[in-house]
Number of protein chains: 2
Amino acid sequence: MKLKPSLKDVKSCPMQYVLAINDTLNVFNGKWKMPIIGSLLFDKKRFTEIQRNIPNITPRMLSKELKDLEANGVVRRVVYDSIPVSVEYELTESALLLSDVVDKMLEWGLQHRKSTFNSKR
Amino acid sequence: MKLKPSLKDVKSCPMQYVLAINDTLNVFNGKWKMPIIGSLLFDKKRFTEIQRNIPNITPRMLSKELKDLEANGVVRRVVYDSIPVSVEYELTESALLLSDVVDKMLEWGLQHRKSTFNSKR
DNA sequence: TAATTCAGTATACAAAAGTATAGCGATATA
DNA sequence: TATATCGCTATACTTTTGTATACTGAATTA
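Cut-offs applied
Residues numbered from 1 in each chain as written. Chains lettered and ligands numbered in written order. Predicted model: local features only at pLDDT ≥ 70, side-chain atom pairs only at ≥ 80, totals over all residues. Heavy atoms only, no water. Near = heavy atom within 4 Å. Polar contact = N/O pair within 3.5 Å; in protein donor to acceptor, adjacent residues only side chain to side chain. Helix = DSSP H or I, 4+ residues; strand = E, 2+ residues; numbered from the N terminus. Pairing = 2+ DSSP bridges. Contact = heavy atoms within 4.5 Å. Axes fitted to C-alpha atoms, helices over the stretch in contact; angles between N-to-C directions. Least-squares fit on C-alpha atoms with pLDDT ≥ 70 in both. Buried area = accessible area lost by both parts, 1.4 Å probe. Salt bridge = Lys/Arg side-chain N within 4 Å of Asp/Glu carboxyl O. Buried < 20%, exposed > 50% of the residue type's maximum accessible area, 1.4 Å probe, protein only. Parallel < 35°, antiparallel > 145°, perpendicular 65-115°, else oblique. Nonpolar A, V, L, I, M, F, W, Y, C, P; charged D, E, K, R; others polar.

Engineer: So what's going on with the protein's contact with DNA strand D? Which residues, and what values?
Structural biologist: Around DNA strand D there are 19 residues in total, and Lys31 of chain A together with Thr48, Ser63, Arg77 and Tyr89 of chain B lie nearest to it. In DNA strand D, the atoms that sit within 4 Å of the protein are 70% sugar and phosphate, with bases accounting for the remainder. At 2.6 Å, a side-chain N or O of lysine 31 of chain A approaches a phosphate oxygen of DNA strand D. Side-chain polar atom of serine 63 of chain B to a phosphate oxygen of DNA strand D: 2.6 Å apart, as the coordinates give it. Going through the elements one at a time, helix 5 (59-71) of chain A together with helix 4 (47-53), helix 5 (59-71) and strand 3 (86-91) of chain B are the ones with two or more residues in the surface near DNA strand D. Per element, the largest residue contribution to the surface near DNA strand D is four residues, and it comes from helix 5 of chain B.

Engineer: So what's going on with the sheet that holds strand 2 (residues 75-80) of chain A? Residues and values would help.
Structural biologist: All names here are of chain A. Spatially, three strands are ordered 1-3-2 in an open sheet, and the strand pairing comes out antiparallel. Of all strands in the sheet, those with a lone pairing partner are strand 1 (45-46) and strand 2, marking the two edges. Relative to strand 3 (residues 86-91), strand 1 runs antiparallel, the two being bridged by two bridges. Across the sheet, the residue bridging to lysine 45 is tyrosine 89, located in strand 3. Strands strand 1, strand 2 and strand 3 of the sheet are contacted by helix 3 (residues 33-42), whose axis makes an angle of about 100° with strand 3.

Engineer: Tell me about the relation of the copies chain B and chain A, residues and numbers included.
Structural biologist: If you rotate chain B by 180° and push it 0.0 Å along the axis, it lands on chain A with an RMSD of 0.1 Å. Taken together, the turn and the small shift mark the pair as related by a two-fold rotation axis. Most of the interface of chain B is mirrored in chain A: 100% of its interface residues are interface residues there too.

Engineer: Pulling in residues and values, what's your account of the interface of chain B and chain A?
Structural biologist: Listed as interface residues are 45 residues of chain B and, on the opposing side, 45 residues of chain A. The contact between chain B and chain A buries some 4400 Å² in all, and 69% of this surface belongs to carbon and sulfur atoms. Between aspartate 23 of chain B and arginine 113 of chain A there is a salt bridge; the shortest N-O distance is 2.7 Å. Looking at the side of chain B that touches chain A, the elements that each hand over two or more residues are helix 2 (15-27), helix 3 (33-42), helix 6 (93-96) and helix 7 (98-117) of chain B. The element best represented in the side of chain B that touches chain A is helix 7 of chain B, accounting for 18 residues.

Engineer: I'd love a proper account of the sheet that holds strand 3 of chain B, names of residues and values included.
Structural biologist: Note: strands within a sheet are paired through backbone hydrogen bonds, in either parallel or antiparallel orientation. All names here are of chain B. An order of 1-3-2 is seen for the three strands of this open sheet, with the pairing classed as antiparallel. Each of the sheet's edge strands pairs with one partner strand only, and the pair in question is strand 1 (45-46) and strand 2 (75-80). Against the sheet, helix 3 contacts strand 1, strand 2 and strand 3, and its axis sits at roughly 100° relative to strand 3.

Engineer: Go over the pattern of salt bridges, please, and point to the residues and values.
Structural biologist: Residue and element names in this part refer to chain A. Tallied over the full model, the rule gives 18 salt bridges over all chains. Salt-bridge contacts for glutamate 65 lead to lysine 64; the nearest nitrogen and oxygen are separated by 3.3 Å. For glutamate 65, a relative accessible area of 5% gives the class buried. Of the charged contacts, one joins lysine 104 and glutamate 107 as a salt bridge, the two residues approaching to 3.4 Å between their closest N and O atoms. With a gap of three residues between them, lysine 104 and glutamate 107 both fall in helix 7 (residues 98-117), about one helical turn apart. Residue classification places lysine 104 among the partly exposed residues on the basis of a relative accessible area of 22%. For glutamate 107, a relative accessible area of 47% corresponds to the partly exposed category. In this structure, a network of salt bridges that share partners links the residues Lys33, Lys64, Glu65 and Asp68.

Engineer: Go over the packing of helix 3 of chain A against helix 5 of chain A with me, naming the residues and quoting the values.
Structural biologist: All names here are of chain A. Across the interface, helix 3 lies against helix 5 with an axial gap of 10 Å and an inter-helix angle of 75°. Classed by the angle they form, the pair helix 3 and helix 5 counts as roughly perpendicular. Along the contact surface, helix 3 presents Lys33, Ile36 and Ile37, while helix 5 presents Leu62, Glu65, Leu66, Asp68 and Leu69. Its residues assigned to classes, the contact of helix 3 with helix 5 comprises five nonpolar, no polar and three charged.

Engineer: Tell me about the protein's contact with DNA strand C, residues and numbers included.
Structural biologist: With respect to spatial proximity, 19 residues lie near DNA strand C, and among them Ser63, Arg77 and Tyr89 of chain A together with Lys31 and Ile83 of chain B are the closest. Counting only atoms of DNA strand C within 4 Å of the protein, the fraction found in sugar and phosphate groups is 72%. Between a phosphate oxygen of DNA strand C and a side-chain N or O atom of threonine 48 of chain A, the distance comes to 3.0 Å. A distance of 2.6 Å is found between a phosphate oxygen of DNA strand C and a side-chain nitrogen or oxygen belonging to tyrosine 89 of chain A. Those elements that place two or more of their residues in the surface near DNA strand C are helix 4 (47-53), helix 5 and strand 3 of chain A together with helix 5 of chain B. Taken together, the residues of the surface near DNA strand C break down into eight nonpolar, four polar and seven charged.

In short, the description is geometric, and any link to function would need to be established separately.
In structure tokens, the structure reads:
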């Protein structure tokens, strides 16, 4: 992609693109989504396991964010009807592909730190 | 990068990486940063121009967010000591490279929409 | 029988983010 | 002289986001 888009480029940017970028940003929104995704990256976990994994998260927040991530197709909630029922949370296939995005974020962040703050933070 | 990292991979992830990713996320944080960056993408602008460009933003928010973006090395504030002084805001070189990140976000968002919601939103 | 675990929910509250509205000092224009 | 523009700041308020704490019902363990 060009560094500076022309005005024509900008104006022809379809609404679908804006929505898609927004979706991606939503995946990381708030204080807890990143930690939760990180916790599920290695493998699927149960509610209490995730809670133990993430210091200071309250069950209220964990519950809320898991629902949010599920609604956004990032996390899958799997119920095993054993007795007692056990519930597992896992990342979707789509979520695993987020690594491409995170890689680019890492890349930009590193170069930005180097070129802009030059070891000042 | 691999889809599923090993536990060793995860544990060896340096703190610097976490910070770098965080920096990148901060650039897009909140309701107005994306529109502001978008507004400056085509060319530099003055305070009131940006305000006219972004519907419903209040001067308080614009001022706050511009300061924030400046502190984060994304926007540069240039003062011309003409009479009266005019102030222009422009993206830094580093900020222009954000297009790489946004591209990936777009890519993921589009595939995610297609594979997950199949034209349901 | 009593305490513990699981997978959460309910309620109240505090803090952060965003909005609404008015105003300022300096200049410029009618 | 009166009004408008520029680049903001100040104050008060609302909304959203996150925290603290307690609790639930079903099952399990001591």
